[in-house]
Amino acid sequence: MVNDLVVDLSRAQFAATALYHFLFVPLTLGLTVLLAVMETIYVTTGREIYKQMAQFWTRLLLINFALGVATGLTMEFQFGTNWSFYSSFVGDTFGAPLAIEGLMAFFLESTFIGLMVFGWDKMSKAQHLIVTYAVALGSNFSALWILVANSFMQHPQGAEFNPITMRMELQNFGALFFNPDAQSKFVHTVLAGYVTAAVFVCGISAWYMLKNRHLDLARRSFRIAAVFGMLGGAGVITLGDALGYVGAKVQPTKLAAMEALWTSEKAPMAFNAIAFPNQAEQKNYFTVQIPAMLSILVTHSLDGVVPAIDQLQVEAQERIRNGIPAVQAMERLSANPRDEAALAQFKAHGKDVGYGFLVLRYAPQGDLSKITDADIARAARDTIPNVAIVFWSFRIMVAFGLLMLAYLVLATLMTLSNQIERQRWFQWAAVLMVPVPFLACEFGWLVAEVGRQPWTVNEMLPTWLSASTHSVAYMVFSLSGFILLYTAFAIVEIYLMLLFIRKGPEEPGAGHAAAAGLPSAGRKLAAQ
Amino acid sequence: MFLRYIIAMALAALAILFGIILGDYGPWYLSWFLGTGFMVLVAVSAGVLFEAQEDAARAARDPGESLDVSSAVDAPSPTRPVR
C-alpha cells in the first residue's frame, strides 16, 4: 500500500508542473492562430506592416513555445516516474493519444515553426502562409490529443478492464476519440487559448499606445486581437456550458461539488452564486442563491433535477457493495486465471470494480471480507472531492471569463470606431487585463482535476492506488526541485518577454534573422 | 479549365462528406473547425477594414492637419457621389 503522504506529494508535484505548463500553452494555442490572421492580411493586402507584425509576435511566440515544450515533456515522464501503477493500468489506452500527439501534432508544429521563423525570404508569400497555418493546426492538434487522453481519465470509454492483466485495454478507438467530454473540453480549451492570446496582444499593443511607440503595429494588432478575442470569448462561454451539460451526465459528483449541492431538491433548483461549503458537516454557510438558475444552467430546463451529494453518496455505497465481489474475484483470478467461477463473478460485478478498489484502503490487511458498513460509508464520503476548492475555482473562472467578454466587446467597439488611441484609461485597463486569462485557465484546470478526485480514472482507479512507491524523502526532493526549476523557467520567460516587448518590432527589411530575434552579430552571419 | 472544375467539385464533395461524418460522430470537433475558420475570416476582415478606414482618413485629411481617423469613420465614403 502506498504511503498517503507519497500520494499527496505526487499529486502536488503533478499539479505544480501542470499549472506551470498551462501558463504557456494557451498563449501558444491562440497566438499561432493570430499569426495566421496577420499573415493572411499581409498576403491579401501586400502591406509590409503586417509582415512586421507577424515577425514581432512570432518572437514572443518562440519564447513561450520553448517554455511550453520544456514544461510539457516532464509531465509525460511523470506518468511513468510518479504514477507507475496508473501507467500500467491505463497505458494500453492512455498511451495511444499521447503517442499520436507526439508523432503527429507536435512534430507538425515543431517542424513547421522552424520553417515559419527562418523561411520568410526562402518561400513565396503563399507558401509561408501555409506554413504558418500548419503551425497553428499543429498546436491545436497537440491540444486535441492531450485532451482526448485527459477526457479518458474523466469519462473512460472505449476501453474495458481486463481482470487478468489488470489493465484497461483499448477496445474502440473511435469511442476514445469521440468521447463527448473530449469534444467539449477540446473546443472550450482551445477557445480559452484564443482569448488568452487576444487579451495578451491587446495588452501589449495598449502598452505601446500608452508609450506612444510602434503605433502602426499596436493599433492594427489591437484591432485584430480584439475582434478575434470577442468571438473567442463568446465561444468559450458557450462551450463552457456544453462542458457542464456533458459533465452533468458523465461526472455528476464533480458537478455537485462545483455547485456545492449537498442536499437533494426538487426542480426548479436554485443556483448557489455564493456559498462557503463545509466538507466535514456537508453543508454550506452563508449562501446567496439565484432561484431556478441551476436547473436552467445544467439541464437547460426548468424541470431538470441535478443529483446532489447526499443522493450520490447513497448510490456510491451501493456501488461499493457491488464492487467488493469484483475485487475479490480479481484476486482469485490473479492466483488462477482459469477460475471460471471467479471470471463469472467479475463479469457480474465488474462495472463497479473501481468502487471496490476505493474501499480497499480501509480493508484490514487488504481483506475485503472484513469491511464494515462504517468503512463503506467512509469510502462513499471519499467519492466527494474538495467542494470548497472546486466550487470557488469554478466561480472565479466564470467571473474572469465574463469579465474578459465584457472587456473584449468594449475593446472591439472602441477599435472599430477608432477611439482606442484617445482612451488612456482603457489602454491601462487592457494592460491590467493581461494576467486575467492565465488565471482563468488555471482555475479551470483546478475544477477539472480536483473535481475528478478521488479518481485518477473516473470510477475505475482511485488516486490513492495510482502512485509509485517512492519514499517521502525522494518526493520532497523531487517536488522542491521541480518548483525551483519551474519558477526559474517562469522568471526567464517573463524576463525575455519583457525584454523583447521593450525592444519592439524590428524595422522592415531586416530579414529572417531579425524575425528570429538574433543579435546584430548573428544577423551579419545569417546574411552571409 | 474543365479539369480544374472537376477537381474543385471533387474536393467540395469530399469536404461535405467529411463534414457530414464529423458532424455525426464529433459535432463539437466540426464546430471547432468551422468556428475557428469563421473567427479567422472575421478577424482578417477587421484588419482589412482598418486599412480601408486609414485610407479614407488619409483621403479626407487636409494637408497640414493631424490625422483624425475617427472623423473619417463618420465622413462619407470617397466613392459615394456628393449630393
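Since the structure is predicted, the reported quantities are computational estimates derived from the model, not experimental observations.

A.B. asks: What is the right way to read the overall build of chain A from this model?
C.D. replies: Helix and strand counts for chain A stand at 19 helices and six strands. Here the C-alpha atoms of chain A give a radius of gyration of 25 Å, agreeing with the 24 Å that 2.2 N^0.38 yields for 528 residues. Within chain A, the fraction of its 528 residues that count as buried is 56%. Once local pairs closer than 6 in sequence are excluded, the contacts in chain A between residues at least 24 apart make up 77%. For chain A, the accessible surface area stands at approximately 21100 Å², while carbon and sulfur atoms represent 66% of it. Charged side chains in chain A number 35 positive and 36 negative. The centres of these two groups are separated by 10 Å.

A.B. asks: Just to check I follow, could you spell out the packing of aromatic side chains for this structure?
C.D. replies: What describes a pair of aromatic rings is the distance from one ring centre to the other and the angle between the planes of the rings. Within this structure, the stated rule accounts for 37 aromatic pairs over all chains. Aromatic pair Phe-14 of chain A and Phe-79 of chain A: ring centres 5.2 Å apart, planes at 45°, arrangement tilted. With Phe-14 of chain A in helix H1 (residues 4-45) and Phe-79 of chain A in helix H2 (residues 48-81), this pair connects stretches of sequence that are 65 residues apart. Phe-79 of chain A carries the same exposure label as Phe-14 of chain A, and that label is buried. For the ring pair Phe-391 of chain A and Trp-392 of chain A, a centre distance of 5.3 Å and an interplane angle of 85° mean the geometry is edge-to-face. Each residue in the set Phe-141, Trp-145, Phe-173, Phe-177, Phe-178 and Phe-186 of chain A together with Phe-18, Tyr-25, Tyr-29, Trp-32 and Phe-33 of chain B is aromatic and connected to the rest through ring pairs, giving one cluster.

A.B. asks: What's the story with the pattern of salt bridges in this structure? I'm lost.
C.D. replies: Close approach of charged atoms allows side chains of opposite charge to pair. Here the structure, examined in full by the defined rule, presents 21 salt bridges over all chains. For Glu-459 of chain A, the salt bridge is made with Arg-319 of chain A, and the minimal N-O distance between the two is 3.2 Å. Remark: Arg-319 of chain A occurs in helix H10 (residues 309-335) and Glu-459 of chain A occurs in the loop between strand E5 (455-457) and strand E6 (461-462); sequence separation between them is 140 residues. We classify Arg-319 of chain A as partly exposed; its relative accessible area is 21%. Note that Asp-55 of chain B is salt-bridged to Arg-58 of chain B, the shortest N-O span being 3.2 Å.

Rules used in this analysis
- By convention here, each chain's residues receive numbers from 1 onward along its written sequence.
- Ligands are numbered from 1 and chains lettered from A, in the order in which they are written.
- Under the rules for a predicted model, residues below a pLDDT of 70 receive no local features and side-chain atom pairs below 80 are neither given nor counted, while totals for whole chains, interfaces and linings still include all residues.
- Hydrogens and water molecules were not included; the side-chain quantities draw on all heavy atoms of the structure.
- Secondary structure counts use DSSP, requiring at least four H or I residues in a row for a helix and at least two E residues in a row for a strand, with both numbered from the N terminus.
- To get the radius of gyration, use the C-alpha atoms; to get the globule rule, take the number of residues to the power 0.38 and multiply by 2.2 Å.
- Type-normalised accessible area, obtained with a 1.4 Å probe on protein chains alone, sets the label of each residue: buried when under 20%, exposed when over 50%, and partly exposed for intermediate values.
- Two residues form a contact once any of their heavy atoms are found within 4.5 Å.
- Throughout, the Shrake-Rupley method with a 1.4 Å probe supplies accessible areas, and for residues the shown protein chains are the sole cover considered.
- Working convention for charge: Lys and Arg count positive, Asp and Glu count negative, and His plus the chain ends are omitted.
- Charge positions come from single atoms, namely NZ of Lys, CZ of Arg, CG of Asp or CD of Glu.
- Between the rings of Phe, Tyr and Trp (Trp by its six-membered ring), a pair exists once the centres lie within 6.5 Å; its type follows the angle of the planes, with under 30 degrees stacked, over 60 edge-to-face, and the other angles tilted.
- The salt bridge definition used is simple: a Lys or Arg side-chain nitrogen within 4 Å of an Asp or Glu carboxyl oxygen.

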